[in-house]
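Letter by letter, the chains look like this.
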There are 2 protein chains.
Amino acid sequence: MPTDEREANELLARLAKALGHPARVAIMRLLVRREGCVCGEIVDELPFAQSTVSQHLKQLKEAGLIRGEVDGPRVCYCVEPGAVALLRALVEGL
Amino acid sequence: MPTDEREANELLARLAKALGHPARVAIMRLLVRREGCVCGEIVDELPFAQSTVSQHLKQLKEAGLIRGEVDGPRVCYCVEPGAVALLRALVEGL
DNA sequence: CCCATTCATCGTAAATCGCCGATGAACGAA
DNA sequence: TTCGTTCATCGGCGATTTACGATGAATGGG
């Protein structure tokens, strides 16, 4: 949790921006629900091409919301520990 | 609070997208803090041109986060009642 | 009735987004 | 080594965002 307000604004903005698309919210919900890792099943759950889903995952990863670990030929994604809590705290601190 | 998950996703995405810029987070914080209405003072608080701030305000308004009431030659903005609570609930429900 | 103030909107330019198909890289299996 | 699978990345397209200055509409003061 940043003490500086400017930092808090930028951090919250970064997280919020990452959630600023229904598909990415759906991905987050999916990963929280299974609270473990998932892979290309995410693609099956969404009505988008594989490359599109991959880009959404990239955005969530770059925002620090999720993490992807290589597991053989596939990649398992899971929620970055503490990320949701941080988001909640930032929204709470509005 | 929507019961349908798709609706919840779209709503959260809409709110999050509106918060997806540091300036807009700063505006929200400003309005929450004064928990009343403010006008062009917002412009003075931000390092942007008046027209730019006006656009940010428009986005927040369209997302349902703030409201603007005309008061003579100026416009007073305030947080839409319940909007922050709704946002918190949606983030909580992740 | 003017004029200044306040704010929204328009027009514009650069950057980013969102989507796709195609390609590339990494890995396991045969 | 040669496939097939899985996923990331590239290239491209139209749409959207972000920023600005300029203009326009509404209001109140003189």
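Up top is the structure.
Conventions and cut-offs
- Residues numbered from 1 in each chain as written.
- Chains lettered and ligands numbered in written order.
- Predicted model: local features only at pLDDT ≥ 70, side-chain atom pairs only at ≥ 80, totals over all residues.
- Heavy atoms only, no water.
- Axes fitted to C-alpha atoms, helices over the stretch in contact; angles between N-to-C directions.
- Helix = DSSP H or I, 4+ residues; strand = E, 2+ residues; numbered from the N terminus.
- Parallel < 35°, antiparallel > 145°, perpendicular 65-115°, else oblique.
- Contact = heavy atoms within 4.5 Å.
- Nonpolar A, V, L, I, M, F, W, Y, C, P; charged D, E, K, R; others polar.
- 1 Å grid on protein atoms, 1.4 Å probe; cavity = no way out; pocket = protein on both sides within 12 Å on 5 of 7 lines; lining within 4 Å.
- Points joined across faces, edges and corners; volume = space filled by probe spheres on them.
- Near = heavy atom within 4 Å.
- Polar contact = N/O pair within 3.5 Å; in protein donor to acceptor, adjacent residues only side chain to side chain.
- Buried area = accessible area lost by both parts, 1.4 Å probe.
- Salt bridge = Lys/Arg side-chain N within 4 Å of Asp/Glu carboxyl O.

Enquirer: Explanation requested: the packing of helix α5 (residues 83–92) of chain A against helix α5 (residues 83–92) of chain B in the structure shown.
Expert: How two helices pack is summed up by the angle between their axes together with the distance between the axes. Running from N to C, α5 of chain A and α5 of chain B point in directions that differ by 170 degrees, and their axes come no closer than 10 Å. Relative to α5 of chain B, the element α5 of chain A is oriented roughly antiparallel. Where α5 of chain A approaches α5 of chain B, its residues Leu87, Arg88, Val91 and Glu92 of chain A are matched on the opposing element by Leu87, Arg88, Val91 and Glu92 of chain B. Across the contact of α5 of chain A with α5 of chain B, the residue classes break down as 4 nonpolar, no polar and 4 charged.

Enquirer: Can you walk me through empty space enclosed by the protein in this structure?
Expert: Summed over all chains, the structure comprises 1 cavity of 30 Å³ or more. A volume near 50 Å³ is recorded for the largest cavity. Taken together, Leu12, Ala16, Leu19, Leu87 and Val91 of chain A together with Leu12, Ala16, Leu19, Leu87 and Val91 of chain B form the lining of the largest cavity. When residues of the lining of the largest cavity are traced back to their parent elements, those giving at least two are α1 (5–18) and α5 of chain A together with α1 (5–18) and α5 of chain B. Of the residues contributing to the lining of the largest cavity, the split by class is 10 nonpolar, no polar and no charged.

Enquirer: Before we go on, may I ask you to explain the protein's contact with DNA strand C in this structure?
Expert: In the region of DNA strand C, 22 residues are neighbours, and Thr52 and His56 of chain A together with Gln50, Ser54 and Tyr77 of chain B sit closest. Sugar and phosphate atoms constitute 60% of the interface atoms of DNA strand C, taking the interface as everything within 4 Å of the protein. Within the side chain of Lys17 of chain A, an N or O atom sits 3.4 Å from a phosphate oxygen of DNA strand C. At a separation of 3.4 Å, a phosphate oxygen of DNA strand C approaches a polar side-chain atom of Gln59 of chain A. Among the secondary structure elements, those contributing two or more residues to the surface near DNA strand C are α4 (50–62) of chain A together with α4 (50–62) and β2 (74–79) of chain B. A total of 5 residues in the surface near DNA strand C trace back to one element, the largest contributor, which is α4 of chain A. Partitioning the surface near DNA strand C into residue classes produces 7 nonpolar, 12 polar and 3 charged.

Enquirer: Can you walk me through the protein's contact with DNA strand D in this structure?
Expert: As a structural note, the neighbourhood of DNA strand D is formed by 23 residues, with Gln50, Ser54 and Tyr77 of chain A together with Thr52 and His56 of chain B the closest of them. Counting only the atoms of DNA strand D within 4 Å of the protein, the fraction contributed by sugar and phosphate is 62%. Gln50 of chain A is positioned such that a nitrogen or oxygen atom in its side chain is 2.8 Å from a base nitrogen of DNA strand D. Here a phosphate oxygen of DNA strand D and a side-chain polar atom of Ser54 of chain A are 2.6 Å apart.

Enquirer: Whenever I open this one, the interface of chain B and chain A confuses me. Can you help?
Expert: Opposite the 23 residues of chain B that make contact, chain A presents 23 residues. With both sides pooled, the region where chain B packs onto chain A buries about 2300 Å², and carbon together with sulfur makes up 62% of that total. When the area that chain B buries against chain A is broken down by residue, the three leading residues are Arg29, Arg88 and Leu94 of chain B, summing to 31%. Across the salt bridge formed by Arg33 of chain B and Glu5 of chain A, the nearest N and O atoms sit 2.8 Å from each other. At the boundary of chain B and chain A, one finds 10 residue pairs in polar contact (both at pLDDT 80 or more). Breaking the side of chain B that touches chain A down by element, the ones donating at least two residues are α1, α2 (22–33) and α5 of chain B.

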